[in-house]
Amino acid sequence: MKYFLCALLFVVGLGAKEVYAIFNVRALQDANLTLDSAGIVDAIYVDVGSKVKKGEILLSLYNKDKKSQVDSINQQYDFSRKQYERYSKIGRAIDRNTLDKYYSDYRKLEFDRNYSQAVVDKTILRAPFDGVIASKKIELGDGMSANSTILFRLVSKGRKMVIEFDSKYLPVVKVGDIFVYSIDGQPEKQKVKITKIYPTIDESTRKVSAEALLPANSPLVPGVFGDGFIQ
């Protein structure tokens, strides 16, 4: 009973305080982009600061040889498909084994075509989400390795504030609490609402992290930091 009362008084005491916290501004989505293909950079379509849409082409490797292979297989595929369709309509004029062979050839070429097109697609880098190019680490004519050469850093337009506070306040900080903060000691105070609290404690700092979404018109950019109090 005594232990319970002490714990209750501790929580009540914490709840009566403003909780000091620091924050960093980060993009909602932040990715270092690579390609699952090795080759020579043939074309770059964006630069630092370019605003891009999901699916937009950012870069391509030299792939004329691979495209030629796709064209060749497409021609074979079209011929084989039409041949199968023509003979399948004849009915008894052709034996079943021969018709099955035409079907097998046509389907194999379909798989070959899809694979060859996938190889070409892997030489083209597309934006995985809407955002802004934050850095470019490649130039025309550069060689690159598959999955290991970072080409661009892409950050989303949406931003969040990652807030860190002492883990002893974890029992009293809740989603929906207001974080009042300032930048570089400026007297103007701003407010955001906490939307997420991380379920773990950082072992090295003994701090807990929380998130707050920033409005679209916020002037804060990724990398900005400051401090404030959770209320």
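From a predicted model like this one, the values you see are computed outputs, not experimental measurements.

A. Region of interest: the nonpolar core. Judged by nonpolar contacts, the single largest core of 21 residues is most densely connected at Met161, Ile163, Phe165, Phe179, Tyr181 and Ile230. Only strand E1 (19-27), strand E10 (159-166), strand E11 (178-182) and strand E14 (207-213) provide two or more residues apiece to this core. Broken down by element, the residue count for this core peaks at 4 residues, all from E1. Residue contacts for Ile163: discarding those within four places in its chain leaves Ala21, Ile22, Phe23, Phe179, Ile194, Val208, Ser209, Ala210, Ala212 and Ile230. Ala31, Val41, Leu61 and Ile138 belong to the second-largest nonpolar core, a separate cluster that totals 18 residues.

B. A look at the sheet that holds strand E7 (residues 131-136). Pairing is antiparallel across the open sheet formed by 4 strands, whose spatial order is E2-E9-E7-E4. Of all the strands in the sheet, just strand E2 (30-33) and strand E4 (51-52) have a single pairing partner and so form its edges. Where E2 meets strand E9 (residues 152-155), 4 bridges bridge the pair, whose relative direction is antiparallel. The residue of E9 that forms the bridge with Asp30 is Val155.

C. The side chain of Ser156, seen in detail. Take Ser156: it is sitting in the loop between E9 and E10. The class for Ser156 is buried, based on a relative accessible area of 7%. Of note is the side chain of Ser156, whose polar atom sits 3.2 Å from the backbone oxygen of Gly158. Beyond its immediate stretch of four places on either side in the chain, Ser156 contacts Ala27, Leu28, Gln29, Phe129, Asp130 and Gly131.

D. The pairing of strand E13 (residues 196-201), seen in detail. In the sheet, E13 pairs with E14 via 3 bridges, with the strands oriented antiparallel. Bridge pairing in E14 links Lys196 to Glu211. The turn linking E13 back onto E14 is made up of 5 residues, and Arg206 within it adopts a positive phi angle of 60°.

Basis of the calculations
- Residues numbered from 1 in each chain as written.
- Predicted model: local features only at pLDDT ≥ 70, side-chain atom pairs only at ≥ 80, totals over all residues.
- Heavy atoms only, no water.
- Core = buried A, V, L, I, M, F, W, Y, C linked by side-chain atoms within 4.5 Å.
- Buried < 20%, exposed > 50% of the residue type's maximum accessible area, 1.4 Å probe, protein only.
- Helix = DSSP H or I, 4+ residues; strand = E, 2+ residues; numbered from the N terminus.
- Contact = heavy atoms within 4.5 Å.
- Pairing = 2+ DSSP bridges.
- Polar contact = N/O pair within 3.5 Å; in protein donor to acceptor, adjacent residues only side chain to side chain.

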